[in-house]
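This is what each chain is made of:
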Amino acid sequence: MNYKIAIARDEAFNFTYRANIEALAELGEVQFFSPLHDETLPPCQLLYLPGGYPELFAEQLSANESMRQSIRDYAEAGGRIYAECGGFMYLCRNIDEHMMCGVLPLSATMQGAHLHLGYRQMEWEGTTMRGHEFHYSDIVDTPADTPELRVLRLQQSAKGTSVPTAIYLYRNVIAGYTHWYWGESGFPFWNRPSH
């Protein structure tokens, strides 16, 4: 395989496991770009939007309209995107009053912020995934008029109890709050799930 993989990395998006980058590098050529500073998304076959603190840079991210439009166009054209935590928030319509990419018909908010924390695990296409959830923001419920958006609640705590944390599927976009660790499994999300 020799896929082109674009990974967001700047002041707003900087939480990644080194093993995850190495797992993506096994699939092809990794290139980094900045949603804050670059004008458009580089050509790629997979876009990875990792965690970070987009809420601290929401004004600047919102002001970079050309990048937001570039990512929205990529998603609508069927581009493959995997986004977690801060990257997931960036794909939403907005973070409070600041416009984001609008790929997902969701709104992120820091209002009433409280900590969501814990180890997570789930089965995904025959692979046992492990990771963690750490965020203060919340997601406003999806509107009813978005039939293309699927919400999966597959995750469990480290003790095996179900947790409400969702994974969102839209076209070839997979997004959610959990930071999954791929060092043991390799990147598991290349294909859409069959659920």
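The numbers attached to residues start from 1 for each chain and follow its sequence in the written order. Side-chain atom pairs in this predicted model are given and counted only at pLDDT of 80 or more, local residue features only at pLDDT of at least 70, and totals for whole chains, interfaces and linings cover all residues. Just so you know, side-chain values use all the structure's heavy atoms and leave hydrogens and water out.

Another point: the overall build of the chain. Helix and strand content of the chain: four helices and 17 strands. Expected size for 195 residues packed as a compact globule is a radius of gyration near 16 Å; at 15 Å, the chain falls within 12% of this value. Judged by the C-alpha coordinates and their principal axes, the chain covers about 45 × 40 × 30 Å. Categorising residues by exposure relies on relative accessible area from a 1.4 Å probe, with only protein chains included: less than 20% of the type maximum marks a residue as buried, more than 50% marks it as exposed, and the intermediate range marks it as partly exposed. The 195 residues of the chain split such that 52% are buried. Per-residue and other accessible areas were derived by the Shrake-Rupley procedure at a 1.4 Å probe size, with only the shown protein chains allowed to occlude residues. In the structure as shown, the chain presents an accessible area of about 9,300 Å², 49% of it carried by carbon and sulfur atoms. Computed over 14 positive and 23 negative side-chain charges, the inter-centroid distance for the chain is 6 Å. Helical segments are the DSSP runs of H or I of at least four residues, strand segments are the runs of E of at least two, and each set is numbered from the N terminus. Taken over C-alpha atoms, the radius of gyration is set against a globule rule of 2.2 Å times the number of residues to the power 0.38. Under the convention used here, Asp and Glu are negative, Lys and Arg are positive, and both His and the chain ends fall outside the count. Just so you know, the charge point we use is NZ for Lys, CZ for Arg, CG for Asp and CD for Glu.

The criterion for a disulfide is a pair of cysteine sulfur atoms lying within 2.5 Å. Summed over the entire model, instances satisfying the criterion amount to zero disulfides. Of all cysteine sulfurs, the one in C92 lies closest to C85, which takes part in no disulfide; the gap is 11 Å. On the accessibility criterion, C85 (5% relative accessible area) is buried. Free of any disulfide, C92 has its nearest cysteine sulfur in C101, 9.5 Å distant. In this structure C92 comes out as buried when scored by relative accessible area, which is 0%.

Another point: the sheet that holds strand 3 (residues 28-33). In space, the seven strands of this open sheet follow the order 3-1-4-6-16-15-13, with mixed pairing throughout. The open sheet has two edge strands, strand 3 and strand 13 (149-152), and neither has a second partner. Neighbour-to-neighbour, the strand axes of this sheet turn through a mean angle of 15°, independent of strand direction. Contacts are assigned to residue pairs that have any heavy atoms within 4.5 Å of one another. Helix axes are fitted to C-alpha atoms over the stretch in contact, other axes to C-alpha atoms as well, and angles between N-to-C directions run from 0 to 180 degrees. Against the sheet, helix 1 (residues 18-25) makes contact with strand 1 (3-8), strand 3 and strand 4 (46-49), and its axis sits at roughly 130° relative to strand 3, the strand it touches most. Strand pairing follows a simple DSSP-based rule, namely that at least 2 bridges must link the two strands.

Joining through side-chain atoms within 4.5 Å is the link that ties buried Ala, Val, Leu, Ile, Met, Phe, Trp, Tyr and Cys residues into a set, and such a set is a nonpolar core. Judged by nonpolar contacts, the single largest core of 40 residues is most densely connected at L47, I81, L91 and L104. When contributions to this core are tallied by element, the ones reaching two or more residues are strand 1, strand 4, helix 2 (58-63), helix 3 (65-76), strand 6 (81-84), helix 4 (86-91), strand 15 (167-170) and strand 16 (173-176). With residues up to four places along the chain from it excluded, the contact list for L104 reads F88, L91, C92, R93, L149, Y170, V173 and A175. Listed in part, the 20 residues of the second largest apolar core include I5, I21, L24 and F189.

Salt bridge, as applied in this entry: a Lys or Arg side-chain nitrogen positioned within 4 Å of an Asp or Glu carboxyl oxygen. Applying the stated criterion across every chain yields a total of four salt bridges. Among the salt bridges present, the one from E22 reaches R18, with a minimum N-O distance of 3.2 Å. Of this pair, E22 and R18 both sit in helix 1, four residues apart, roughly one helical turn. Overall, the relative accessible area of 69% leaves R18 in the exposed class. One network of salt bridges, with partners in common, ties together E76, E148 and R171.

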